[in-house]
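Each chain, written out:
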Amino acid sequence: MIRSEILQEIAPVLRDQLVICNIGIPSQELHAIDDQPTNFYMLGTMGLASSIGLGLALVQPKPVIVIDGDGSILTNLGTLPTIANNPAPNYILLVIDNGSYGSTGDQPTYTGRKTSLAGMARAAGCERVVECRAEDTGTVLQDALQAGKATVIICKCESGNAKMPVITMDPVTIRDRFMQAVAAD
Amino acid sequence: MNIHQRITGDLVAAGIGFVTTVPCKQLAGVIEEVDRHPEILHVPSNKEDEGMGLCAGAWMGGRRSAIIMQNTALGVTINTLATLIQFYRMPLPMLISYRGEPGEPVACQVEMAVHTKALLAQLLIPAYHFHRQEDVEELPKILDYTFMCSKPVAILTDASFWGGY
Ligand SMILES: Cc1ncc(C[n+]2csc(CCOP(=O)(O)OP(=O)(O)O)c2C)c(N)n1
Ligand SMILES: [Mg+2]
């Protein structure tokens, strides 16, 4: 399974939740599959999805699901200790670990070799870390929403991208409708 | 009330309830106050771009946020300032220790000091330079201004402001 197939499968779960989505093709895919005002698309700033999601989860009670990538976690590794030491029970970090920089042409990352993101998350102090196969992502994500505890999910999948259009929505529009969705009852 | 308590009080009075920090020797006192204040959620970050991500999220969650960092951090946050804070038009007060100005004992600090105002100007980031302790009187207005215009705003605080090293 590749990222877009996973997103397709979990779209019904994501639909009603606040979602912060990783830069590039992941956001393009989610936007094309099921655009929602509750989705915050990152149009740039590789690496910060997990941090934005954590800040959001720490200040309000709704669940926050971050869809991140292995390359983006590797470029902002400091995020893992911050997540571990500032636990937000409503925070779910779903890392689509395709072992590559998908958006830039599937160049391999180190997670396809010796590096384990689950191991790194545990070593950083994250207590609920689940590594899963792509096929099980939906179930694992549902469990995490029930768990009421900060969860890091490392979803191992194949690399590959669906051909989707670039997001042309204005960033301030994306942000504004997202904030309204956050504030809604 | 000392300067650290005063600055922290001004942050809270401006409605700021989320602060992230990466330490600088000059910022030690204010970071301690921020950490102690019951109305501020203090989340230390490991790198300042990470911190700006946290601030962006907190602000979108309805909590005004701020970052406290050293001027050297401008070197690691330019992409984040341009593509996250400015692109999505978010307010971000940045309380910055302005290392490398007269009185500085560490030569290497001067290397980023000479770029500090130029980088802020290049990014069209409003910047205010606190040199004397009474300059702190402007802080409440600068904070209001930041949230009024939804921009990142820099408050540079040099060694003279903090009373030397
Ligand atoms: C600072 C910076 N360096 C490089 C890039 C180019 N870039 C954009 S997305 C991306 C890959 C991200 O990989 P990953 O997080 O694993 O997501 P995937 O597309 O594989 O799901 C890269 C390298 C960038 N946007 N910013
Ligand atoms: Mg990847």
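The structure this text deals with has already been given above.
Here the structure is a predicted model, which means the values were calculated and not measured.

Caption draft 1: Structural context of the overall build of chain A. Looking only at helices and strands, one finds eight helices and eight strands in chain A. The C-alpha atoms of chain A give a radius of gyration of 15 Å, which matches the 16 Å a tight globule of 185 residues would have. When its C-alpha atoms are laid out on the principal axes, chain A stretches across 40 × 35 × 30 Å. Per-residue burial for chain A yields a buried fraction of 58% across its 185 residues. Sequence separation of 24 or more characterises 69% of the internal contacts of chain A that already satisfy a separation of 6 or more. With 13 positive and 19 negative side-chain charges, chain A shows a separation of 5 Å between the mean positions of the two kinds.

Caption draft 2: The coordination of the magnesium ion (ligand 2), seen in detail. Residue and element names in this part refer to chain A. At 2.1 Å from the magnesium ion (ligand 2) lie its protein donor atoms, namely Asp 70 (OD), Asn 98 (OD1) and Ser 100 (O). For the magnesium ion (ligand 2), the single-chain donor residues occur in sequence as D-x27-N-x1-S. The burial state of Asn 98 is the same as that of Ser 100; both residues are buried.

Caption draft 3: Focus on the pairing of strand E4 (residues 92-98) of chain B. Residues and elements named next belong to chain B. Counting buried residues in E4 gives seven out of seven residues, a clear majority hidden from the surface. On E4, burial covers both faces: Leu 92, Met 94, Ile 96 and Tyr 98 on one face and Pro 93, Leu 95 and Ser 97 on the other are all buried. With helix H4 (residues 74-86) bridging strand E3 (residues 64-70) and the parallel E4, this β-α-β connection has right-handed handedness. In this structure, E4 lies alongside strand E6 (residues 152-158), joined through seven bridges in parallel fashion. Within E6, the position partnered with Leu 95 by the bridge is Ile 155.

Caption draft 4: Quick peek at the interface of chain A and chain B. On the chain B side, the residues contacting the 28 residues of chain A number 26 residues. Contact between chain A and chain B buries roughly 2,100 Å² in total, counting both sides, with carbon and sulfur atoms accounting for 68%. By the criterion of area lost to chain B, the three top residues of chain A are A:Thr45, A:Val59 and A:Arg175, representing 25% of everything that side buries. Between chain A and chain B we count eight residue pairs in polar contact (both at pLDDT 80 or more) in total. Looking at the side of chain A that touches chain B, the elements that each hand over two or more residues are strand E2 (39-41), helix H3 (49-59), helix H5 (79-85) and helix H8 (171-183) of chain A.

Caption draft 5: How the structure looks around the packing of aromatic side chains. A full pass over the atoms with the stated rule returns six aromatic pairs over all chains. Ring geometry for A:Phe40 and A:Phe178: centres 5.6 Å apart, planes at 55°, overall tilted. Here the residue A:Phe40 occupies a position in strand E2, and A:Phe178 occupies one in helix H8, the gap between them amounting to 138 residues. A relative accessible area of 0% means that A:Phe40 is categorised as buried. A residue is classified by how much of its surface remains accessible, and A:Phe178, at 0% relative accessible area, is buried. Note on A:Phe40 and B:Tyr88: the rings are 4.9 Å apart at their centroids and 40° apart in plane angle, and the pair reads as tilted. On the criterion of chain membership, the pair formed by A:Phe40 in strand E2 and B:Tyr88 in the loop between H4 and E4 is interchain, its members lying in two chains. Every member of this aromatic cluster is reached through a ring pair, and the members are A:Phe40, A:Phe178, B:Phe87 and B:Tyr88. Note that B:Arg64 overlies the ring of B:Phe147, its terminal NZ or CZ placed 4.1 Å from the centroid.

Caption draft 6: Structural view of the site of ligand 1. Residue and element names in this part refer to chain A. The local shell around ligand 1 holds 15 residues, among which Arg 3, Gly 71, Ser 72, Ser 100 and Gly 102 are the closest. The protein chains hide 73% of the 590 Å² of surface that ligand 1 would expose on its own. Among the cavities detected, the one that contains ligand 1 is the largest pocket. Broken down by element, the residue count for the shell around ligand 1 peaks at three residues, all from helix H4 (residues 70-75).

Caption draft 7: Expanded view of unusual backbone geometry. Residues and elements named next belong to chain B. Positive phi values are uncommon outside glycine, yet Leu 124 reaches one of about 55°. Turning to its location among the elements, Leu 124 is positioned in the loop between helix H5 (107-122) and strand E5 (127-130). We classify Leu 124 as exposed; its relative accessible area is 69%. Of note in this structure, Ser 150 is not a glycine but carries a positive phi near 55°. Within the element layout of this structure, Ser 150 appears in the loop between helix H6 (139-149) and E6.

Caption draft 8: Examining the layout of surface pockets more closely. Residues and elements named next belong to chain A. Volume-wise, the largest pocket comes out at about 230 Å³. As for the largest pocket, its lining consists of 18 residues, of which Asn 22, Ser 72, Tyr 101, Gly 102 and Ser 103 are closest to the centre. Breaking the lining of the largest pocket down by element, the ones donating at least two residues are strand E3 (64-69), H4 and strand E5 (100-101). When its volume is computed, the second largest pocket comes out at roughly 160 Å³. Ala 84, Pro 87, Glu 127, Lys 149 and Ala 150 are the residues nearest the centre of the second largest pocket, which is lined by 14 residues in total. Secondary structure elements with two or more residues in the lining of the second largest pocket: H5 and strand E8 (151-156).

The rules behind each value
- Residues numbered from 1 in each chain as written.
- Chains lettered and ligands numbered in written order.
- Predicted model: local features only at pLDDT ≥ 70, side-chain atom pairs only at ≥ 80, totals over all residues.
- Heavy atoms only, no water.
- Helix = DSSP H or I, 4+ residues; strand = E, 2+ residues; numbered from the N terminus.
- Rg over C-alpha atoms; globule rule 2.2 N^0.38 Å.
- Buried < 20%, exposed > 50% of the residue type's maximum accessible area, 1.4 Å probe, protein only.
- Contact = heavy atoms within 4.5 Å.
- Lys, Arg positive; Asp, Glu negative; His and termini not counted.
- Charge placed at Lys NZ, Arg CZ, Asp CG, Glu CD.
- Donors = N, O, S within 2.8 Å, 3.2 Å for Na, K, Ca; no water.
- Right-handed = clockwise from strand over helix to strand, strands pointing away.
- Pairing = 2+ DSSP bridges.
- Buried area = accessible area lost by both parts, 1.4 Å probe.
- Polar contact = N/O pair within 3.5 Å; in protein donor to acceptor, adjacent residues only side chain to side chain.
- Phe/Tyr/Trp six-rings, centres within 6.5 Å; stacked < 30°, edge-to-face > 60°.
- Lys NZ or Arg CZ within 6 Å of the ring centre and 35° of its normal.
- Near = heavy atom within 4 Å.
- Areas by Shrake-Rupley, 256 points an atom, 1.4 Å probe, with all protein chains shown as cover.
- 1 Å grid on protein atoms, 1.4 Å probe; cavity = no way out; pocket = protein on both sides within 12 Å on 5 of 7 lines; lining within 4 Å.
- Sits in = over half its atoms within 2 Å of the grid points.
- Points joined across faces, edges and corners; volume = space filled by probe spheres on them.

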